[in-house]
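# Summary of the model geometry
So the chains spell out like this:
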Amino acid sequence: MVGRIQNVRTNIKSIKNDVEKVITKFDLTDGRYTVPVTLFDDFGVQFAEELEDCKQTEIYIIIAAAKVGLYEGIANLTNYPATRIYINPTHYSIGELKAKMLETIEETVSSPPQEITELKTLTIKEIKAMTPDSTECRVKCQLKVTKVEEQSSWFYAVCTKCPKEISRVDGVFKCEDCNRIIPYPDKRFRICTLCSDNTGSIAVIFLDQEVTRIIEKTVFDIEVDAIQENTEGKFPAVLKTFEKKVYTITLNITENNLKKGSMVYEADEIFDKIESTANFDPSTNTDTQMVEAATVDLKDDDLSTPTTGISSTKTRARVDIEPVAFDPKEDTPAKLNKKDKKKKIRLSLYIPHAINCEKTASKGKMSSRYAALANLKTGVDNYKIKVRVIRKWRGATKTGEEFKNFNILLLDNKDYKKTDKFRVVRRDNQLIFTTDTKIQQIEETAAQIATEIFDFYDLSELKNYMTETTYVIDVVGVIKDHKILLEQITNRHGIQQEQAKFVISDGRTNVNVTFWDKYAQVFVEAIWKKMETPVIIILAGCRVQMWSNAPNVTHVAPTTFYLNLNHHSVNQLRRMLAIPDFSKKVMAMEKKKKAELLTVEAIKSLDKDSVEAEVLAHVTIMHVDDQQKWFFKICTSCDFEVDFVNEFYSCARCQRIVPYPEIRFRLVVIALDATGSLQILLEDREVRSLLGKRARQLIPQEATEEYFPESFKMLATQTFTIKMEIHAANVLKQSNLYWATNICHGFKLEEMDTEMEQQPQSQSINTQATTSTAHLPGMSDLNCNSSAVTN
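Where an unreviewed UniProt entry is consulted, the chain appears under the name Replication factor A C-terminal domain-containing protein, with the organism given as Daucus carota subsp. sativus.

## Observations concerning the overall build of the chain
Regarding its fold elements, the chain presents 13 helices and 44 strands. Taking all 791 residues of the chain together, 45% fall into the buried category. Accessible surface computed for the chain: about 43700 Å², of which carbon and sulfur atoms make up 50%.

## Topic: the environment of isoleucine 61
The topology assignment puts isoleucine 61 in strand E5 (residues 60–64). Looking at isoleucine 61, the relative accessible area reads 0%, which means it is buried. On a C-alpha basis, the gap between isoleucine 61 and isoleucine 5 in space is 7.2 Å, while along the polypeptide they are 56 residues apart.

## Examining the sheet that holds strand E40 (residues 656–657)
Pairing within the open sheet is antiparallel, and its 3 strands lie in the order E38-E39-E40. Two strands close off the open sheet at either side, each with one partner strand: strand E38 (643–645) and E40. Where strand E39 (residues 648–651) lies against E40, 2 bridges are found, and the strand directions are antiparallel. Of the residues in E40, the one forming a bridge with serine 650 is isoleucine 657.

## Digging into helix H5 (residues 219–229)
Within the sequence span of H5, burial applies to Val219, Phe220, Ile222 and Ala226. Along the axis of H5, the buried residues cluster in a sector spanning 160 degrees; they form a single face. For H5, the exposed residues set more than 90 degrees away from the buried face come down to Gln228 and Glu229. Check the buried side of H5 and you find it contacts strand E11 (155–158), strand E16 (186–197), helix H4 (208–215) and helix H8 (568–577). With its phi angle positive at about 60 degrees, asparagine 230 sits one or two positions after the end of H5.

## As for the packing of aromatic side chains
A complete count under the given rule lists 23 aromatic pairs for this structure. Seen in terms of ring centroids, tyrosine 457 and tyrosine 465 are 4.9 Å apart; in terms of plane orientation they differ by 85 degrees. Their pairing is edge-to-face. On the basis of relative accessibility, which here comes to 3%, the residue tyrosine 457 falls in the buried class. Judged by relative accessible area, which is 14%, tyrosine 465 ranks as buried. Centre to centre, the rings of tryptophan 630 and phenylalanine 631 are 4.9 Å apart; their planes meet at 70 degrees, and the pair counts as edge-to-face. Note on tryptophan 630: relative accessible area 3%, which makes it buried. Judged by relative accessible area, phenylalanine 631 falls into the buried class, the value being 4%. Taken together, the aromatic side chains of Phe502, Phe515, Tyr519, Phe523 and Phe561 make up a single cluster linked through ring pairs. Here arginine 190 stacks its cationic end above the ring of tyrosine 156, 4.2 Å away from the centre of that ring.

## Things to note about the confidence of the model for the chain
Across the chain, pLDDT averages 75, with 69% of residues at or above 70. Counted against residues more than four places away or in other chains, residues 104–116, with its pLDDT under 50, gives 5 contacts. Here residues 753–791 scores under 50 on pLDDT; set against residues more than four positions off or in separate chains, the count is 110 contacts.

## Topic: a negative patch on the surface
Residues Glu49, Glu50, Glu52 and Asp53 make up a contiguous surface patch of negative charge. Residue class for glutamate 52 comes out exposed when judged on its relative accessible area of 66%.

## Examining the sheet that holds strand E15 (residues 180–181)
Across the sheet, 3 strands lie side by side as E13-E14-E15; this open sheet has antiparallel pairing. The sheet is open, and its two borders are formed by strand E13 (168–169) and E15, each paired with just one other strand. For strand E14 (residues 172–175) and E15, the ladder comprises 2 bridges, and the chain directions are antiparallel. Paired with cysteine 175 across the strands is arginine 180, a residue of E15.

## Some words on the side chain of threonine 248
By the element assignment, threonine 248 lies in strand E18 (residues 246–253). Setting aside residues up to four positions removed in sequence, threonine 248 forms contacts with Cys141, Gln142, Glu269, Ile270 and Phe271.

## As for the nonpolar core
Grouped together as the largest cluster of nonpolar side chains are 34 residues, with contacts concentrated most on Ile603, Leu667, Ile680, Phe712 and Met724. Those elements that place two or more of their residues in this core are helix H10 (600–604), strand E36 (614–624), strand E41 (662–673), strand E42 (676–683), helix H11 (684–691), strand E43 (718–725) and strand E44 (737–745). If near-sequence neighbours (up to four positions away) are discounted, phenylalanine 712 is found in contact with Val624, Trp630, Phe665, Leu667, Val687, Leu691 and Leu698. By size, the runner-up hydrophobic cluster in this structure holds 31 residues, among which are Val522, Met531, Ile537 and Leu563.

## Thoughts on unusual backbone geometry
Put simply, threonine 533 and proline 534 share a cis peptide bond, and its omega is -5 degrees. Residues other than glycine seldom take positive phi values, yet glutamate 216 does so here, at roughly 60 degrees. Within the chain, asparagine 564 stands out as a residue other than glycine whose phi angle is a positive 50 degrees. Its location among the elements puts asparagine 564 in the loop between strand E34 (550–563) and H8. Using a relative accessible area of 1% as the deciding quantity, one classes asparagine 564 as buried.

## A few points about the pairing of strand E32 (residues 510–516)
Counting buried positions along E32 yields 5 of 7 residues, so the element is predominantly enclosed. In terms of strand pairing, strand E31 (residues 496–505) meets E32 through 7 bridges, oriented antiparallel. Considered in E32, the bridge of alanine 500 is made with phenylalanine 515. Between E31 and E32, which pair antiparallel in sequence order, lie 4 residues; one of them, glycine 507, sits at a positive phi of approximately 95 degrees.

## So, the pattern of salt bridges
Think of it this way: side chains of opposite charge can pair up when their charged atoms draw near. Per the stated rule, a full pass over the model turns up 24 salt bridges. The shortest N-O distance in the salt bridge between lysine 240 and glutamate 150 comes to 2.9 Å. One end of the pair, lysine 240, is in the loop between H5 and E18; the other, glutamate 150, is in the loop between strand E10 (137–148) and E11, with 90 residues separating them in the sequence. Given the relative accessible area of 26%, lysine 240 is considered partly exposed. A salt bridge links glutamate 662 to arginine 696, with the nearest nitrogen and oxygen atoms 3.3 Å apart. One end of the pair, glutamate 662, is in strand E41; the other, arginine 696, is in the loop between H11 and E43, and 34 residues separate them in sequence. Members of the salt-bridge network, linked through shared partners, are Glu96, Glu662 and Arg696.

Quick notes on the rules
- Residues numbered from 1 in each chain as written.
- Predicted model: local features only at pLDDT ≥ 70, side-chain atom pairs only at ≥ 80, totals over all residues.
- Heavy atoms only, no water.
- Helix = DSSP H or I, 4+ residues; strand = E, 2+ residues; numbered from the N terminus.
- Buried < 20%, exposed > 50% of the residue type's maximum accessible area, 1.4 Å probe, protein only.
- Areas by Shrake-Rupley, 256 points an atom, 1.4 Å probe, with all protein chains shown as cover.
- Pairing = 2+ DSSP bridges.
- Arc of directions from axis to C-beta.
- Contact = heavy atoms within 4.5 Å.
- Phe/Tyr/Trp six-rings, centres within 6.5 Å; stacked < 30°, edge-to-face > 60°.
- Lys NZ or Arg CZ within 6 Å of the ring centre and 35° of its normal.
- pLDDT = per-residue confidence, 0-100.
- Patch = residues over 30% accessible without salt bridge, like charges linked within 9 Å, V, L, I, M, F, W, Y side chains within 5 Å.
- Salt bridge = Lys/Arg side-chain N within 4 Å of Asp/Glu carboxyl O.
- Lys, Arg positive; Asp, Glu negative; His and termini not counted.
- Charge placed at Lys NZ, Arg CZ, Asp CG, Glu CD.
- Core = buried A, V, L, I, M, F, W, Y, C linked by side-chain atoms within 4.5 Å.

Structural data, given as structure tokens:
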């Protein structure tokens, strides 16, 4: 945080638990908002002494690595072991803040929470009688399923990220909202039914969540049954069991029903006669004492290896788990003390094999219904959720030293929906397990929760995620050569490492995978075990990096690999491998092409087969284009280019305001050889290597946005060897602007090749974050028809 100090209070002494503490308090403001700051003991005393020595009337500070807490309902900054405070530093953010201190912005007032009302019970006649000016709502009704429609499709495909319904276009499933191919989409039930009561009939759509719960099968379960029974293409008999039964159904009354006269309604919830009086608890109906566990036993966790999943394509029996009975008549737990801000969360866990629970007696009473993970909200004292622990990992430092946190990934039977670096799920919510958390292990019989869930990205689109550091992704592919060995290397920092490298393919695209150190050791040991070949691997929670201008998949802390897992994506790939042409494409080994040295004339004559290829050119920079903007601003968290919106710089990826963004080079030069000239875009790394300075070092504090540094003129008339990437725009649109991926002084090849070979993108199993490259600008950001361009 950066701000101006105000309202400094005298040091306060307090006694807590017979220990005397010294507290230093002041406020920090940026002209728009004010945040209280509390410093403790020696850290605060030393800071107060340094303030007294300051001669300036206005004191600005930067607090680095501060801890944010909640005190009396207000956000409060305090010190942590890593915290450092800089008083009136010569940093660009201080100058910018002083210029902004005159601006004032009103804070937005949040709207009150929406009231929850009881649902009305209506007949079909009353539903049809609702007028067009009625508001959209949910109602209850008792209906008999007269018929299940067999001619309509009984399922649909959804994006594994949104999830939005998608369809196949040009042979692939693509989500237009996410702008990505979905190689193995999830599938959801959508059953068309005709329902009636004694007042009329309507069409009702039974959706995935309720159908899965009632029949205790997913779409993939039914597809597998059809393959085994040789009934593919036929309407599943199990779905006909809805007919002739009476259900209490919650219907969604939408604008289509009210204003467009549609008689087709969606069922939000379905309760039959038994379910409507049951308590929905998975245990037996007998009143017994619930056994809970407040802590997790980590003794069985092997700290020397990462979590992996290895299986054959055969269906494995579920792990036998002793059920723990639940007593719905237990006393209600005492309310939380107002001073205690912790949230109590009561959990029911399906624990596959990884975690043991210490069981103690419980005195609490839980609700009869389970909450969905997607619906958890802050500020609620108690939740009851039913989930499966599908993955676990320990947090660790780069050197392997363990943190005190233990991460588990929970899955319930709801959709996998969007929203720290390398997050496994795209969600804002995180559950914090404390001594107040009550964990109950329950019987897995008739569970509707999947054993795993993946959000697969198509291998052809991984290049778009090489700078992604916010979320991890899932991929699946065939290992082209499973005879993988550990290699000993020395990285660019002179440190000895082990690596395992291999290539995966989906039949259309090949992608390199690199594992490091302990993770590589575990993987190599697993891959050499006897199993069906070719080996199909799922990498869950992996990271994509750029190496030699191509995507390279590697691992971070949550990454888990599965070999020949019994999953529908693996089974589909295995069936396709039986097709000779597909198998030949998958197993074909490609020889990597080296960048070829070409003249400018030859580079301009390249055809579409050269798209994404790299070329070398010996050129002389004749002119630095001062009509193009020579820098861009990036987010200080993710390095993504920020946008200036409503007087603020904001990051679309991090979804936050970036008050003081960093600056990166983006310089356009005119280069030529004896055969012609072209425009070349030099990005931050290339310009820094030439000038030996960062972009911000070239900008005087009082400079305007139009300032153009004189030092750029030093590059003119000098000779360079430049490596460039051929983009589609260069070939298809005849764009004269080329992206440089490396540069060195003089006409040399050996120097550049050596430099490229000494840059392994090492990533050990314990690494949580690495420096990423800046966002690659689009062609629209630059003027490709600059007046400085020569023919």
